[in-house]
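Listed here are the chains, written in short residue letters.
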Amino acid sequence: MAATSDPPPWQNDLQRAEPRSLGVVAGPKFSLDALGEAYRHIKQVAPPRGDCDLYDLLSSTRREETYQPYFAGWPGLLRPLSPALFDLPAMVQEKYRTCQTMCFCGLFPQIKRAWASIDNSLFLWRYDKSGDIPVEYCGEEQAICAVGLVKPRAGVFLEAIQHAIVLCTTTEIVMLGVCPTRRGGSGGARGAASDGELTLQPLPLYAVPSDNVVMTCVASSARGRVFLGGSDGHLYELQYAATDSWGRKRCQKVRLTGRLQQLLPSFLPSMLGLGGGGAVERLVVDDERCVLYALVAGGSGCLQVFDLGAGGADPAKKVAECSDFYAAAAGASGGRDTFRNPAGEKKSAAIKHLAPISMAESTKLHLLVVAADGRRVFFTTHHLRAAYYGYGSGGGSSGSADDPAKARP
């Protein structure tokens, strides 16, 4: 006797319920096969409950639920990078006590390293291990003002160099090769950059002068492109290749914004008011959408959007700008309650972080902006109708609008 499988849930509910409760009329035209086909069709076209768009989740959240634990369907919360929080290495603390000019710090999750620059010294150490001895590089004479990590394009450097550090000083921009070595390996076997030890290899052929512009931030793309933000308010790209070519050096710095100003004498742009404005404070690349976001310092906070082309290899083209972040945030959905007095709270509402939103989380929201006190504003780079999102477009936008969709405390 053949084993019989349990009927699907919809059939059990149908057998237990009366036809009137289902809104159908009992009769010869009533067919379980037809309902089964309809059930399979709905299951196929309806998205799973766990795949809700972030915008829809924000729209359905009432204000009194803002500080409650997230409900089913929300993306995961913070993910720890380290099982414990360790103190700074003694070597770094000792160097910090004698700091004379500037110091910065950050994380490189790609290689599981924390970094700190103190004057002209750079330190790298494992943030997930206690007592790890930092790797120190102090081959520069001037103070370090910006540090970034890039996975270089294949064929440019030796195979042993899996990553490269972009080091910006007040007078020069240099690249350092990150060479991993596996502990205990025979013959210095190479391993992953996040495993074992690593060494920093100077690359003297990959160094360019900063041309009296202090670089304030570094960002890299998945294709190996390196973008630099200058204190003059302009965007730069550090282009590198395996060899020199006709009309192009092995390593060169190219300005991507205000190119016409480069043809003018150095004193004319400032006299004519053609300067780049405030310094570029932050850069972040959205590799999925091939978009570069820039935060330019200023009284009202300026966000700029650059298109890198369909494959992320085209010259950066500025396509949108939000010149007044506070006004745009106040005009977003929920922004009037979240940003009640933008003019009087610019210190607490100053932008401190930019994060692209992955396409797996949302196809409608593209950029998350976090203020100093934790308030969040979600932006989209699509020029959508107000009826679709339920809000008016942000002020100061042009081209493909960089509009705020939601504001959250």
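For the structure itself, consult the block above.
Residues numbered from 1 in each chain as written. Predicted model: local features only at pLDDT ≥ 70, side-chain atom pairs only at ≥ 80, totals over all residues. Heavy atoms only, no water.

A. Region of the structure containing the sheet that holds strand β8 (residues 197-209). Pairing in this open sheet of 4 strands is antiparallel, and the strands run β5-β6-β7-β8 from one edge to the other. Two strands in the sheet have a free side with no partner beyond their single neighbour: β5 (144-150) and β8. The sheet shows a mean angle of 25° between the axes of neighbouring strands, taken without regard to direction. Examined bridge by bridge, strand β6 (residues 163-169) and strand β7 (residues 172-181) share 6 bridges and lie antiparallel to one another. (Pairing = 2+ DSSP bridges. Helix = DSSP H or I, 4+ residues; strand = E, 2+ residues; numbered from the N terminus. Axes fitted to C-alpha atoms, helices over the stretch in contact; angles between N-to-C directions.)

B. Seen up close, the sheet that holds strand β4 (residues 135-137). Strand order in this open sheet of 4 strands is β1-β2-β3-β4, and the pairing throughout is antiparallel. In this open sheet, the two strands that pair with only one neighbour each are β1 (103-108) and β4. Taken pair by pair, the neighbouring strands of this sheet meet at an average axis angle of 15°, ignoring direction. Those strands touched by helix α4 (residues 90-97) are β1, β2 (113-118), β3 (121-126) and β4, and its axis lies near 155° from that of β3. (Contact = heavy atoms within 4.5 Å.)

C. Representation of the environment of Q162. By the secondary structure assignment, Q162 is in the loop between β5 and β6. Between the C-alpha atoms of Q162 and V178, which are 16 residues apart in sequence, the distance is 6.4 Å.

D. Representation of the packing of aromatic side chains in the model. All told, the structure shown has 5 aromatic pairs when counted by the stated rule. Ring pairing ties together the aromatic residues F157, Y206 and Y240, which thus form one cluster. Looking at R153, its charged tip hangs above the ring of Y240, at a distance of 4.4 Å from the centre. (Phe/Tyr/Trp six-rings, centres within 6.5 Å; stacked < 30°, edge-to-face > 60°. Lys NZ or Arg CZ within 6 Å of the ring centre and 35° of its normal.)

E. Layout of the pattern of salt bridges. Enumeration according to the criterion identifies 7 salt bridges in this entry. Put simply, E237 and R225 hold a salt bridge, and the shortest N to O gap is 3.0 Å. With a gap of 12 residues between them, E237 in strand β11 (residues 235-240) and R225 in the loop between β9 (215-220) and β10 (226-230) connect regions that are remote in the sequence. For E237, a relative accessible area of 8% translates into the label buried. Among the salt bridges present, the one from K318 reaches E321, with a minimum N-O distance of 2.4 Å. (Salt bridge = Lys/Arg side-chain N within 4 Å of Asp/Glu carboxyl O. Buried < 20%, exposed > 50% of the residue type's maximum accessible area, 1.4 Å probe, protein only.)

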